[in-house]
Amino acid sequence: MTDLYRKEIEIKKEQFQDLVSDLNSPLNRTGSSFKIWIGFLLLLIGIAGFMYVRQLQQGLGTTDMRDIASWGLYIADFVFLIAVSLVGSLITAILKLSNVKWATPLTRISEIIAVAALIAALLIIVVDMGRPDRLWHIFVHGRLQSPIVWDILVVNTYLVISILLLYIPLIPDLALLRKTMGHKPKWQQKMYKILSLGWQGTEEQFRIMNLSLTALMVIIIPVALSIHTVTSWLFASTLRPGWDSTIFGPYFVSGAFMVGAATVIVTMYVIITNYNFKAYITDKHFDLMGKLLVLTSLVYLYFNLNEFMVPAYKMKSGESAHILGLLVGEYSLLFWSVQILGMILPILLLIIKPFRKPKPLMIISVVVVIGAFLKRFLIVTPTLLHPFLPVQNYPESYHHYNPTFSEIMITVGSFAGIMLIISLFIKLFPIIPVYETAHEKGFPNEIINNS
Amino acid sequence: MARLNTIVAILIFACSLGAFSQTTAWEVSADQATKKNPLEILPKNLALGRNIFKRTCVSCHGEKADGKGLIQSTNLIDEKFQKQTDGVVFYKIITGRDKMPPFGAMLKEDEIWSVINYLRVLVDPSAIPPPKNVKLELTTGEEIKSITAIVLSADSAKLPLNEVDVHFYVKREFGLMRIGEMSNYTGADGKVKVVFPEKIVGDSEGNVTLVVKIENNFLYNDIETTAVKKWGTPLLSHEDEFNRRALWGARDKSPVWLLLLANGIIAIVWAVIVYVIYNLFRIKKAGRIFIK
Amino acid sequence: MEDQDYSPKSRRRFLRKFGSLGLGTLAVSTGLTESCTNPTKDLESGKKITLLNSKNELVEVDSAYISNLNKDLAPNHNSESRKGLPGKKFVLVVDLAKCKNARKCMDKCQAVHQLRPDQHHLNVLLMKDSEHTAPYYMPKHCQHCDNPPCVKVCPVDATFKRSDGIVLIDNERCIGCRFCIAACPYSARSFNWVEPKDAEKYKDVAYDIEKNVPQKKGTVTKCTFSADCLRDGKLPYCVSACPNGVYYFGNEYEDAVTNGTSGETVSLSELLAQNSAYRLMEDLGTAPSVYYLPPKDRTLIPEIEDTHS
């Protein structure tokens, strides 16, 4: 009996070793295509950096923003990135607290997307500032009455919680890496050693870890809702037609869940096509994420209906110029493309099961992500171009806003930065949680600890 | 063909109308041009003319009527202007042209004639005698708040002067606010009284500065006397309203509810974060115990 | 005007105003040296005063240019500038009936505040409220609201409301987030997207928060109600530049406003009551300090042009 038991353990151990080497495989394979990819991203970031230095020297005049359209692509990008970051809380906290088991392999993907998007969001908002050299004024002269200060507080809090939520479940995996990554460079080994906090997998350590995770998961939900709600208040706290709306908070949050789910799907697809994770991120995961995307899109559709139908029905002066501009005017092509291609069509298609297969789902998700970005642009710009009073005595160009090359490249650079952070993370840490996957597959803790 | 002709005719008419409206000439009929000025050149009329001129004409035609006001306009003291008859000038003032508004609706006929007289005197001051100095004294009535100006001749005889136009003002932030009428003439005793209006705001204690002037008068030189009286309503400043806690207040004036709410949320959330970070140390410590 | 104070303080003040040009000559015609003048006073008094410039040369200037000698030097002056003048609440009344789009106010404002032609502290708009109503010209300043949406949203106290009702912005505090521009329903604010006009000339001029000059790249700029003039007891630049008597300006507490063109002072409450005055977008609850008198009995009804909205 003991022999049999021992043999079973041996088999389990071997199976666990296979699992570890599977999940750690991206850390050990670095092909030239990856280097080209990183080089490409660095090039984009470099161009963005160059454009930013130019912007610093010449002022925000290098953008097409002017006194009428005083916010533009940068703010749209900021709102978009904040929206994307919300997925971290959706997958890790909301699904996990609801005991949704299938989402486990996706938690780390969503969490690193959240962290990367937040870092990019914080950078892009500094890029948008006329005087980034005076950033410290916010800490010295900060006014609690300003939604910007709320946003800064809440975004940074969310970033800290997200980093903790990314890091704490990583500790057992880091302990494994400490043992298995002996062939890696010194600094990397040292990093694993320090970050694993001397993890031994004791009962006490697990208890403290689970306690901390539960606390974080509970607290991140209101914080996550508030980052996007407060971001929506940057607009809703003004009197402008198109922004002066009471449903902006939930409208933004629901949109964020939609774009977040889509972003995770795209990332999942990129990961399974590049690394051999088909056994861990299966078609079932895509199918379920597809359903989640439909659900979030339906909620978003509902809020869109409210946001545009209600003012369009009343056609209050002030609102009407803005609404007509979107529905039938200057921005109608973009508006309807975004609404139909980026929201309604995906819902209709994803109800059908074959469209929830990885490839079609990924394509639809890419469209959703692009649509979501353009939607943020539509929220920011048309409103500014339709102020209460007529726009007169300005050059003709002030009546329109067309982002300049510099603005576009800096925005592209922010996306490149996110992809760079995620790519490097995949090369340094297991993107699918090793411990949690093993735990859910029924490997006992002693095997995990002693391998 | 007939229709074409009509269209052409209308077009020509429209064009000529367009051209006409751009360089409108003042076509003054002989009837208008020979219209007689009913007012004599008298100091009293001139004073009225000057007042009107200062109020309505100076901004464009300038203090000296030389056309150098805030915008460039017609010079009213050169020969070209002055050789026009009173009737022509009268007609032009009434009808206006381009930037010159039609004053017919704004001014009374007598007022316009007096302005014309004033313009004539501007180029030919010899028409009136040189102005004299006067003495201006004030007395105030307290029961009914009133101010009386006494105008006396400046010489030792101190004779009361009749029919002198006296102007009464209250001093305000950026200028003098008129009380009483546009013109207040002294009686045979050299006195003229003006009742102080109600609801005039003074300083924080209700003090008002009264300014009494003889000005723009062709018979007498300018003179001004002031008096401070506690006749006004005390100035009520609402500065407190701008120093209270409000959403638009400075950072040290945030509303209390906001302070409590925001700081409360920050405290709760960060307490959890600090607790979790503290747990990280506990995890590390727990591992060390295990090794031992 | 007749102040012949030769004390070091006044000389410093003078040097700040003139010596900073960095030239031996005095380019008095530029906005740099613009000071508040009352409409009735001639700019040149004809009386010459000899003074020492930054190059230690004695120069002769017209005494009209050395007014405001009691004013403190800018740095000390700026902390004082946040408080507001006691016992005053400034109010502007715009008589739309008289506006003929002469734009002297706009020109003066842009010259004084170092603004580019596309930057407006003050913008004269051609308004047409509806299809069948007549168009009219409407000078639009910052409304210096008593419930200012722009001040509410400023994250760093850069823009603030003083106890005398004036909303100012501190160029040296502003971080350039432009939230205030987004928040202002009157589109009354402008941003320095590029290096401000004549930045080189203004390089050494000390910053005056009440004049908001020199302008700085990457910061927001706005109408100040010419707080620098008000401190000297003079009317704002635009008010005294108007040739058509459009503007009345005064102290609301004193219930009196003075016309910038004629110098006539009238009762504020009577002026507002007799002309059915109104404020812009009253329904937004911003409580502006600017009143408009309806454009009735106009001497000039504007041509209907293409109005962008």
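Residues numbered from 1 in each chain as written. Chains lettered and ligands numbered in written order. Predicted model: local features only at pLDDT ≥ 70, side-chain atom pairs only at ≥ 80, totals over all residues. Heavy atoms only, no water.

Moving on: the overall build of chain B. What chain B contains, in helices and strands, is 7 helices and 7 strands. The N-to-C order of helical and strand elements in chain B reads α-α-α-α-α-α-β-β-β-β-β-β-β-α. Residues counted as buried form 40% of the 292 residues belonging to chain B. Considering only contacts in chain B between residues 6 or more positions apart, those separated by 24 or more positions represent 55%. When the accessible area of chain B is evaluated, it comes to approximately 17200 Å², of which 59% is carbon and sulfur surface. (Helix = DSSP H or I, 4+ residues; strand = E, 2+ residues; numbered from the N terminus. Buried < 20%, exposed > 50% of the residue type's maximum accessible area, 1.4 Å probe, protein only. Contact = heavy atoms within 4.5 Å. Areas by Shrake-Rupley, 256 points an atom, 1.4 Å probe, with all protein chains shown as cover.)

What follows deals with the pairing of strand β6 (residues 208-214) of chain B. Residues and elements named next belong to chain B. Where burial is concerned, most of β6 is hidden: 6 out of the 7 residues are buried. Pairing analysis gives 4 bridges linking strand β3 (residues 165-171) to β6, with the strands arranged antiparallel. Across the sheet, the residue bridging to phenylalanine 168 is valine 212, located in β6. (Pairing = 2+ DSSP bridges.)

Between chain A and chain C, the contact holds 47 residues from the first and 54 residues from the second. Across the chain A to chain C interface the summed buried area is about 3900 Å²; carbon plus sulfur atoms make up 55%. Counting across the interface, chain A meets chain C through 2 salt bridges. Here aspartate 157 of chain C makes a salt bridge to arginine 143 of chain A, at a shortest N to O gap of 3.3 Å. Here chain A and chain C share 33 residue pairs in polar contact (both at pLDDT 80 or more) between them. Contributions of two or more residues to the side of chain A that touches chain C are made by α3 (32-58), α7 (137-141) and α8 (147-167) of chain A. (Buried area = accessible area lost by both parts, 1.4 Å probe. Salt bridge = Lys/Arg side-chain N within 4 Å of Asp/Glu carboxyl O. Polar contact = N/O pair within 3.5 Å; in protein donor to acceptor, adjacent residues only side chain to side chain.)

Our next topic: a negative patch on the surface. Taken together, the side chains of Glu10, Glu14, Asp18 and Asp22 of chain A make up a negatively charged region of the molecular surface. Looking at the element boundaries, aspartate 18 of chain A is found in helix α1 (residues 2-23). (Patch = residues over 30% accessible without salt bridge, like charges linked within 9 Å, V, L, I, M, F, W, Y side chains within 5 Å. Lys, Arg positive; Asp, Glu negative; His and termini not counted. Charge placed at Lys NZ, Arg CZ, Asp CG, Glu CD.)

Turning to the packing of helix α4 (residues 73-85) of chain A against helix α5 (residues 87-97) of chain A, a few remarks are in order. Residue and element names in this part refer to chain A. Packing of α4 against α5 leaves a shortest axis separation of 4 Å and a crossing angle of 10 degrees. The angle between α4 and α5 falls in the class roughly parallel. Only Val87, Gly88 and Ser89 of α5 make contact with α4, whose side of the interface consists of Ala83, Val84 and Ser85. Of the residues contributing to the contact of α4 with α5, the split by class is 3 nonpolar, 3 polar and no charged. (Axes fitted to C-alpha atoms, helices over the stretch in contact; angles between N-to-C directions. Parallel < 35°, antiparallel > 145°, perpendicular 65-115°, else oblique. Nonpolar A, V, L, I, M, F, W, Y, C, P; charged D, E, K, R; others polar.)

So, on to unusual backbone geometry. For the peptide bond that leads from valine 213 of chain C to proline 214 of chain C, omega is 0 degrees, which places it in the cis range. Along the chain, the position of proline 214 of chain C falls in the loop between β8 (189-191) and β9 (220-222). Although it is not a glycine, lysine 158 of chain B adopts a positive phi angle of roughly 50 degrees. Within the secondary structure, lysine 158 of chain B is located in the loop between β2 (146-153) and β3. We classify lysine 158 of chain B as partly exposed; its relative accessible area is 39%. A positive phi is found at lysine 199 of chain B, a non-glycine position, where the angle reads about 60 degrees.

On to the sheet that holds strand β5 (residues 191-195) of chain B, then. In a beta sheet, neighbouring strands pair by backbone hydrogen bonds and run either parallel or antiparallel. All names here are of chain B. Within the open sheet, the 3 strands sit side by side as β1-β2-β5. Their pairing is antiparallel. Two strands bound the open sheet, and with one partner strand each, they are β1 (134-141) and β5. Between one strand axis and the next, the sheet turns through 20 degrees on average, direction left out of account. In this structure, β1 lies alongside β2, joined through 8 bridges in antiparallel fashion. Bridging from a neighbouring strand, leucine 136 pairs with valine 151 of β2.

Next up on the list: the environment of tyrosine 207 of chain C. Residues and elements named next belong to chain C. Within the secondary structure, tyrosine 207 is located in the loop between β8 and β9. In this structure, the C-alpha to C-alpha distance between tyrosine 207 and glutamate 172, residues 35 residues apart in sequence, is 8.4 Å. A polar contact of 3.2 Å, which involves the side chain of tyrosine 207, links it to the backbone oxygen of isoleucine 169. Here the side chain of tyrosine 207 touches asparagine 171 through a polar contact of 2.8 Å, landing on its backbone nitrogen.

Counted under the stated rule, the structure contains 37 aromatic pairs over all chains. Where phenylalanine 425 of chain A meets phenylalanine 429 of chain A, the ring centres are 5.0 Å apart and the plane angle is 35 degrees; that geometry is what we call tilted. You can call phenylalanine 425 of chain A buried: its relative accessible area is 9%. Classification of phenylalanine 429 of chain A as buried rests on a relative accessible area of 9%. Aromatic side chains phenylalanine 90 of chain C and phenylalanine 249 of chain C sit 5.7 Å apart centroid to centroid with 20 degrees between the ring planes, which places their arrangement in the stacked category. Remark: phenylalanine 249 of chain C occurs in strand β10 (residues 247-251) and phenylalanine 90 of chain C occurs in strand β3 (residues 90-95); sequence separation between them is 159 residues. Since its relative accessible area comes to 0%, phenylalanine 90 of chain C is described here as buried. The class for phenylalanine 249 of chain C is buried, based on a relative accessible area of 0%. Clustering of aromatic rings is evident, with ring pairs tying together Trp71, Phe235, Trp243, Phe248, Tyr251, Phe252 and Tyr300 of chain A together with Phe179 of chain C. Directly above the aromatic system of phenylalanine 34 of chain A lies the positively charged group of lysine 427 of chain A, at a separation of 4.6 Å from the ring centroid. (Phe/Tyr/Trp six-rings, centres within 6.5 Å; stacked < 30°, edge-to-face > 60°. Lys NZ or Arg CZ within 6 Å of the ring centre and 35° of its normal.)

Before going further, it helps to spend a moment on helix α14 (residues 319-327) of chain A. Side chains that are three or four residues apart share a direction in an α-helix, a result of its 3.6 residues per turn. Residue and element names in this part refer to chain A. With respect to burial, α14 is a largely interior element, 7 of its 9 residues being buried. Considered for burial, the residues of α14 that qualify are Glu319, Ser320, His322, Ile323, Gly325, Leu326 and Leu327. Each element contacted by the buried residues of α14 is listed here: α13 (283-314), α15 (332-350) and α16 (358-385).

Further remarks concern the pattern of salt bridges. Going through the model one piece at a time under the given rule, you end up with 28 salt bridges over all chains. The shortest N-O distance in the salt bridge between lysine 54 of chain B and glutamate 63 of chain B comes to 3.7 Å. Shared partners join several salt bridges into a network, and the residues in it are Asp287, Lys291, Lys353 and Arg356 of chain A.

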